[in-house]
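Survey of secondary and tertiary structure
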Amino acid sequence: MEFRERTLPNGLEIVAECNPRAYTTGLAFFVKTGSRDETDEIAGVSHFLEHMMFKGTPRRSAADVNRELDEIGSNSNAFTSEEQTVYYATVLPEYQKAALDLLADIMRPSLRQDDFDTEKQVIIEEIHKYDDQPPFGAHEKCMAAFFQSHPLGNSVLGTVESVTNLTSEAMRSYFQQRYSPGNMTLAAAGNVDFDALVECANQWCGAWDSFDAPRATPAAVGGTTFEAITKETATQEYVVQVSSGPSADDLDRYACRVLCTILGDDTGSRFYWELIESGLAEYAGAGPYEFQGTGIVMTYLCCEPGEAERNLARIHAIQSKLEQDGVTADELEIAKNKICSHIVRQSERPSNRLFVVGNGWIQRHEYQTIQERLAAYQQVDLESIHRVLEQYPLTRNATVAVGPLTEIKAPQ
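Below is a summary of the structure that appears in this document.

Conventions and cut-offs
Residues numbered from 1 in each chain as written. Predicted model: local features only at pLDDT ≥ 70, side-chain atom pairs only at ≥ 80, totals over all residues. Heavy atoms only, no water. Disulfide = S-S within 2.5 Å. Buried < 20%, exposed > 50% of the residue type's maximum accessible area, 1.4 Å probe, protein only. Core = buried A, V, L, I, M, F, W, Y, C linked by side-chain atoms within 4.5 Å. Contact = heavy atoms within 4.5 Å. Pairing = 2+ DSSP bridges. Helix = DSSP H or I, 4+ residues; strand = E, 2+ residues; numbered from the N terminus. Axes fitted to C-alpha atoms, helices over the stretch in contact; angles between N-to-C directions. Arc of directions from axis to C-beta. Polar contact = N/O pair within 3.5 Å; in protein donor to acceptor, adjacent residues only side chain to side chain. Expected span 1.5 Å × (residues − 1).

1. So, the state of the cysteines
Note on terminology: a disulfide is the covalent bond linking the sulfur atoms of two cysteines. In this structure the tally under the stated criterion is 0 disulfides. There is no disulfide at C142, and the cysteine sulfur nearest it, in C260, is 14 Å away. Free cysteine C205: the closest other cysteine sulfur is in C200, separated by 9.5 Å. The exposure class assigned to C205 is buried, which follows from its relative accessible area of 1%.

So this is what it looks like as structure tokens:
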């Protein structure tokens, strides 16, 4: 495999991991914009805009976009997070040009008023849907409780009120502030014709106007709160905890990922043996989320309401023991082997490498080979795990419980 990069005169960066032996080609525009870039007045605009990008361009109708994506047999979609909006397609190599033509075209949408009015109702229904189904917004509520006034506490979907009040003029203004070519990366992986990719990108994207799209990335001082929200229609209790963790450019992120594997992966973790294998909970897990300037560890619990309080106490005891005693050498070795095996298996698909390459570049301006990623995990030792536990205590967290319980006590 070969890594190649190029920057167009207007600032659009093009990066690709080229593997001529691959059977598919993955392409994506990574836009450095998400809910952290929004104000309360336009909350949810990044996600709303993601929907609007598929509603037609000066060259194509919405029906054309969807039909042509089908005609080339693409696996395509888009998603919005706190920090990124990503538009991607995986195709056979012979459709690289056609796929890039489509993706580049939707990056300059028409944003018609009629489409805006129709899609607004779709977004509002989506917000209602997530409020009505497990875990009933516990994730968003806990993020807001932890981050408080920090912009990473903004909901990706926004609120019914903010989306209802959003105007098409405000969306166009936001697009013109964030969708600069210098604030985007065109990433590719798999069987990529890089020279043709650059040539076509220059043809279709080279005339895009460039402008500054700054983003503040302050560290967060997380809140420590405990909140129980009654949801009478729920049959189980859902609990989310958020504590501090390493940021996207902190090398301790590798140790934190290993720690979370030991603490709360799906098989063989401390949560698994204590809570899942014993039948005390339907699900209990922990995982890191890394952002620019700050990071978090998120813990999940889903169980029968009658066990919720005791399970929270069990989780607190597991976390406290980790902070006091650390992990064992055997746990460390097993976790690293699991992670490295997963990386190698996932890397067999260009679509998976596409997101690794794109995320690494837009977050850190960094490319890592598979071997370099494996080496970074192999370097994690007991000392680095203990350093993470000391610097980012799991027991200092914001907790939100949502379910049928009218009262639930915080663990002591």
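Text resumes after the structure shown.
2. As for the nonpolar core
Residues F29, Y87, L100, M171 and L197 are the most contacted members of the largest nonpolar core, which totals 53 residues. Discounting residues that sit within four places of it in the chain, M171 has contacts with V45, F48, L49, M52, L111, F116 and L166. Counting residues in hydrophobic clusters, the runner-up holds 40 residues, among them A255, C303, Y392 and I408.

3. Details of the sheet that holds strand β2 (residues 13-18)
Taken in spatial order, the 6 strands of this open sheet run β1-β2-β6-β3-β5-β4, and their pairing is mixed. Each of the sheet's edge strands pairs with one partner strand only, and the pair in question is β1 (2-7) and β4 (75-80). Within the sheet, the average angular offset between the axes of one strand and its neighbour, ignoring direction, is 10°. Pairing of strand β3 (residues 25-31) with strand β6 (residues 184-190), which is carried by 7 bridges, proceeds in the antiparallel orientation. The residue bridging A28 from the neighbouring strand is A187, located in β6.

4. Some words on helix α14 (residues 370-378)
Of the residues making up α14, those classed as buried are I370, R373, L374, A376 and Y377. An end-on view of α14 places all buried positions within 155° of arc, on one side of the element. Those residues of α14 that are buried lie in contact with α9 (253-264), α12 (329-346) and α13 (350-364).

5. Digging into the sheet that holds strand β7 (residues 226-230)
Spatial ordering of the open sheet is given by β7-β11-β8-β10-β9, a layout of 5 strands whose pairing is mixed. Each edge of the open sheet is held by one strand with a lone partner, namely β7 and β9 (283-290). Adjacent strand axes in the sheet meet at a mean angle of 15° when their direction is disregarded. The pairing of β9 with strand β10 (residues 295-303) spans 8 bridges and is classified as antiparallel.

6. A few points about the side chain of R215
Inspection of the secondary structure puts R215 in the loop between α8 (194-205) and β7. In this structure the side chain of R215 is engaged in a polar contact, spanning 2.8 Å, whose partner is the backbone oxygen of E83. At 3.0 Å, the side chain of R215 and the side chain of Q292 are in polar contact. With near-sequence residues (within four places) excluded, R215 lies in contact with K32, T33, G34, R36, D37, E83, R178 and Q292.

7. Quick notes on α8
Given a rise of 1.5 Å per residue, 12 residues ought to cover 16 Å, and the 15 Å separating the end C-alpha atoms of α8 matches this to within 8%. Within α8, burial applies to F194, L197, V198, C200, A201, W204 and C205. Turning to α8, the residues buried within the fold contact β1, β2, β3, α3 (96-106) and β6.

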